[in-house]
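Here is how the chains run, residue by residue.
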Amino acid sequence: MSVNEFKKMAYSSADEMVFGESKHPKHYGLGLKVGAGFVVPEINFAPRPGTEKTPESLVREYVDYITKDVLERAITLGFPAIQIENEHIFQMVNDPEKFEKPVVIGQKEIMQEYHDEYGIACAIRHTIADPRLHEEGLRLGMDTKHTYPEKMMRAFEVAASNGADVISIESVGGKEVADHAVVRQDIKGWLFGIGYLGSLDMEWLWPQIVDIANKNNIVPGGDTNCAGANTAMFMAGGYMDRDIPRTFAAVTRAIAAARTLVAYECGATGPDKDCGYEGPIVKAISGFPSSQEGKGAQCAHCDMMGNLIAQTCDLWSNESVEYHPEFGGSSVQCWLGVIGYEAALMNASKQLKSEKTLRDIYVASDRFRSPEAFILSFDNAYKIGQAIVENNGSYYLRAKAAGLKAAELIEESSNEGKLKLSAQEKDALDRILLDLRSLPSEEGKFVDWALKEYADVPAFNPKNYEL
Amino acid sequence: MLDFDNISSDALLTRYDIIAESKEKPETIAEKHLPKDPILRKVAEDVLHMKYKTIEENVSAALKDNIPEDVIEKGLLKGMDAVSELYNRGIYYLPHVMVSADAMDRGIKLAEEALGAGRRTKGEIIMHAAEGDPHDIGKNIAAVLLKSNGYSVLDMGKDVAVDDVVDKVTERKPLVVTGTALMTTTMSAFPRIAEKLQINGVETPFICAGGAVNREYVESYPLGIYADKAANGPNLVNKALDGWDWKKIRDKWDGILSGSE
């Protein structure tokens, strides 16, 4: 496993963690400070269908419409700082020179103009799409059909050398096994997919991203287990959904934290990705700035912790919104208003020295809304972080420890009558506890077993992980 | 730090899922689907109880006294019918369906070996995730639900080129073709597929779904029929099997999904 493990928690106690403060603040871009006593809105968007047809139409959409609209609204509302995030679409990673480069250049140029004219602090994160196909090969030289691994690394280079301030990714290592496991409610398979295989892929991928960022003097942000734990979270859904139990999704989130941490162990410095709801756990261990999303991301999806997840954020995001007109302006302008005002609320509470009160109110409103919200409450997130640190030395053992700790926290609160569980949630929790406790205490034994057990999972190729 | 355990969550949220929990016993609901014959019943119960690791033993036993078609139709599929009803009533969750389907698949494979050929299915469905889109979990769930309802599935995988889909559909003339996309910029493959299929004279209903996809978009191009979740698949495909063309399925979409059509 990666060498630069965190030997201890970044914070001496859970209560020390609060939004807008990180142990390792970052200064980058056009005067932006993150995690330095201030919460910054991070606005994200998707172009309208059809605009991806030509580089010209894509640049017009991203630069002339979206980025300009965002900056205009930020100035209009008096927001002192913003971060823009561009989550690249497939066409930009498939042909970086043609589609990605002019967008990256164009966005930075217009940001520079507004920065020069108004002094607004701003920066842009470019999140490279991960188009790699497990069946074709995740590593360089394996995918002879599409060469996606090579294209992906090239896309990082193009972004980093043409205007990105932060580079990030939502990487997909282990997803083929996790997808198989999540629809079968198989926590052992999910642990193997994300906790083990996902970590191995991160260990391969992130040193390369860090090198590119360092070479271009920009920030290697961080990753997210969007491909795994968010799939589980969205499938678990809310009170009308019956795809998978929410207790299962909660435990996957804790396992995912052990995997997302690997980016930092490989040299990433934050801020991590907004959709990584495992952020509070990762921040408790690493102390790096964290981007989060919740009630201001209802344009993208419905989660069960809209307030709570703001508790320890440094950037507050809307996840993504398709560009289109609304009554109050374009969609990016409206949702920037939502997240920008929330950031202002958090920042006002800091001035009034009431930030921990506001943090606790955020937590109180959602703590018992779902098991996932419960385990991500900063006090519980801290305990899960401790379980990870105490089990360093093995990707498998620390991911297992994180999952088990989450399950035990849920069980304890449920037994006390605080966190209510449906019959399905309770049944799933009992099975998870049984399954995780039945696993071997040696990584080698687990991996040998898992390689046989999941050998027939479609698209799973151990060579993708050098196994 | 507050003592969060003092929070009364009842004042902040309502657990509608717990209020709506079914009081019916799964066994009672399943009983009406299960066969009376004790050997076939064991096979159906293996599907119902997700015994994918042991089902082959009971299927082999059933094949000694029953023709393979009966083992499939009166045993395996009856078990799956019970699972489907429990899922539709919200008593079973998706993983129950997936693992039951794994068990059913193993049983069907064994029965088909005894049959010496593939069984007759209700029809073929060609499925794919859009060009440039690596997300296919929704497609995989839909494939299982369709197979569980007696259809055969030709799964072309993810990130499938427009022309490959068009060629395959033109060649095989399936009952229905499906496409899924998570991103707004990959779902634009769907109207291109529809247009090329029509140029080839193919009018196959084209069910489109996925996170980025919405009904208005899908109904903006010919052949397109929207599905907002994997569970819609069998209901929509059943109408194609009844001979409805894509225009009629689209017109009656609300009624099909509400069960009034």
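About the criteria used
- Residues numbered from 1 in each chain as written.
- Chains lettered and ligands numbered in written order.
- Predicted model: local features only at pLDDT ≥ 70, side-chain atom pairs only at ≥ 80, totals over all residues.
- Helix = DSSP H or I, 4+ residues; strand = E, 2+ residues; numbered from the N terminus.
- Buried ≥ 20, exposed ≤ 12 C-beta atoms within 10 Å, placed from the backbone.
- Contact = placed C-beta atoms within 7 Å.
- Nonpolar A, V, L, I, M, F, W, Y, C, P; charged D, E, K, R; others polar.
- Domains from an automatic or database assignment.
- Core = buried A, V, L, I, M, F, W, Y, C linked by C-beta atoms within 7 Å.
- Axes fitted to C-alpha atoms, helices over the stretch in contact; angles between N-to-C directions.
- Parallel < 35°, antiparallel > 145°, perpendicular 65-115°, else oblique.
- Pairing = 2+ DSSP bridges.
- pLDDT = per-residue confidence, 0-100.

## So, the overall build of chain A
Working step 1: Of regular secondary structure, chain A possesses 16 helices and 11 strands.
Working step 2: Expressed as lengths along the three principal axes of its C-alpha atoms, the size of chain A is roughly 60 × 55 × 40 Å.
Working step 3: Taken over 467 residues, chain A has a buried fraction of 64%.
Working step 4: For chain A, long-range pairs separated by at least 24 residues make up 74% of all intrachain contacts whose partners lie at least 6 apart in sequence.

## Things to note about the overall build of chain B
Working step 1: A count of helical and extended segments in chain B gives 13 helices and 5 strands.
Working step 2: A principal-axis box enclosing the C-alpha atoms of chain B has dimensions of 70 × 55 × 35 Å.
Working step 3: A total of 261 residues make up chain B; the buried ones form 49% of that total.
Working step 4: For chain B, contacts bridging at least 24 residues in sequence account for 73% of all contacts bridging at least 6.

## Describing the interface of chain B and chain A
Working step 1: On the chain A side, the residues contacting the 31 residues of chain B number 39 residues.
Working step 2: When residues of the side of chain B that touches chain A are traced back to their parent elements, those giving at least two are helix H1 (16-19), helix H6 (94-115) and helix H7 (137-148) of chain B.
Working step 3: Considering each element in turn, the side of chain B that touches chain A owes the most residues, 4 residues, to H6 of chain B.
Working step 4: Looking at the side of chain B that touches chain A residue by residue, the class counts come to 18 nonpolar, 7 polar and 6 charged.

## Some remarks on the domain arrangement of chain B
All names here are of chain B.
Working step 1: Domain annotation of chain B identifies domain 1 (30-115) and domain 2 (124-258).
Working step 2: The centre of domain 1, based on its C-alpha atoms, is set 28 Å off from the matching centre of domain 2.
Working step 3: Every contact between the two is made by 8 residues of domain 1 and, on the other side, 6 residues of domain 2.
Working step 4: Going through the elements one at a time, helix H5 (68-88) and H6 are the ones with two or more residues in the side of domain 1 that touches domain 2.
Working step 5: Residues belonging to the side of domain 1 that touches domain 2 are distributed by class as follows: 7 nonpolar, 1 polar and no charged.

## Some thoughts on the nonpolar core
One broad rule of soluble globular proteins: the nonpolar side chains tend to lie buried together.
Working step 1: Judged by nonpolar contacts, the single largest core of 238 residues is most densely connected at Ile-167, Ile-255, Ala-257, Ile-384, Ala-402 and Ala-406 of chain A together with Leu-76 of chain B.
Working step 2: Mapping this core onto the domain boundaries places at least three of its residues in each of domain 1 (30-115) and domain 2 (124-258) of chain B.
Working step 3: Discounting chain neighbours no more than four positions away, the residues touching Leu-76 of chain B are Val-43, Ala-44, Val-47, Val-71, Met-104, Gly-107 and Ile-108 of chain B.

## Topic: unusual backbone geometry
Working step 1: Cis geometry marks the peptide bond from Gly-270 of chain A to Pro-271 of chain A, where omega comes out at 5°.
Working step 2: Along the chain, Pro-271 of chain A turns up in the loop between helix H8 (246-265) and helix H9 (279-286).
Working step 3: If you check the backbone angles, Gln-185 of chain A has positive phi at about 55° while not being a glycine.
Working step 4: Along the polypeptide, Gln-185 of chain A turns up in the loop between helix H5 (175-182) and helix H6 (187-215).
Working step 5: Even without being glycine, Met-50 of chain B reaches a positive phi, approximately 60°.

## Observations concerning the packing of helix H3 (residues 38-48) of chain B against H6 of chain B
Axes are the key here: two packed helices are described by the angle between their axes and the distance separating the axes.
Residues and elements named next belong to chain B.
Working step 1: Where H3 meets H6, the closest approach of the two axes is 7 Å, and the angle between their N-to-C directions is 140°. Classed by the angle they form, the pair H3 and H6 counts as oblique. Of the residues in H6, those touching H3 at Val-43, Asp-46, Val-47 and Leu-48 are Ser-100, Ala-103, Met-104 and Gly-107.
Working step 2: Broken down by class, the residue content of the contact of H3 with H6 amounts to 5 nonpolar, 2 polar and 1 charged.

## Structural notes on the sheet that holds strand S2 (residues 152-155) of chain B
Sheet strands associate in pairs through backbone hydrogen bonding, adopting either a parallel or an antiparallel arrangement.
Residue and element names in this part refer to chain B.
Working step 1: Spatial ordering of the open sheet is given by S2-S1-S3-S4-S5, a layout of 5 strands whose pairing is parallel. Strands at the two margins of the open sheet, each flanked by one partner only, are S2 and strand S5 (224-226). Direction aside, neighbouring strands of the sheet carry axes that sit 25° apart on average.
Working step 2: Pairing analysis gives 4 bridges linking strand S1 (residues 124-129) to S2, with the strands arranged parallel. Paired with Glu-124 across the strands is Ser-152, a residue of S2.

## Structural notes on the confidence of the model for chain B
Working step 1: Looking at chain B as a whole, the pLDDT averages 92, with 100% of positions reaching at least 70.
Working step 2: Here the prediction assigns the complex a pTM of 0.94, and the interface score ipTM is 0.88.

## Remarks on the sheet that holds strand S6 (residues 166-169) of chain A
All names here are of chain A.
Working step 1: Across the sheet, which stays open at both edges, the 7 strands sit in the order S7-S6-S5-S4-S3-S9-S8 with parallel pairing between neighbours. The two strands at the open ends of the sheet, each matched to only one other strand, are strand S7 (219-220) and strand S8 (291-293).
Working step 2: Note: strand S3 (residues 40-44) against strand S9 (residues 315-317), 3 bridges, orientation parallel. Its bridge partner being in S9, Val-40 is matched across the sheet by Leu-315.
Working step 3: Contacts from helix H4 (residues 148-162) reach strand S5 (121-128) and S6, with the element oriented near 165° to S5.

## Overview of the environment of Leu-34 of chain B
Residue and element names in this part refer to chain B.
Working step 1: Relative to the elements of secondary structure, Leu-34 occurs in the loop between helix H2 (26-31) and H3.
Working step 2: When the C-alpha positions of Leu-34 and Glu-112 are compared, they lie 21 Å apart, and in sequence the two are 78 residues distant.
Working step 3: Other than its neighbours up to four places away in sequence, Leu-34 contacts Arg-41, Ala-44, Glu-45, Lys-78 and Ala-82.

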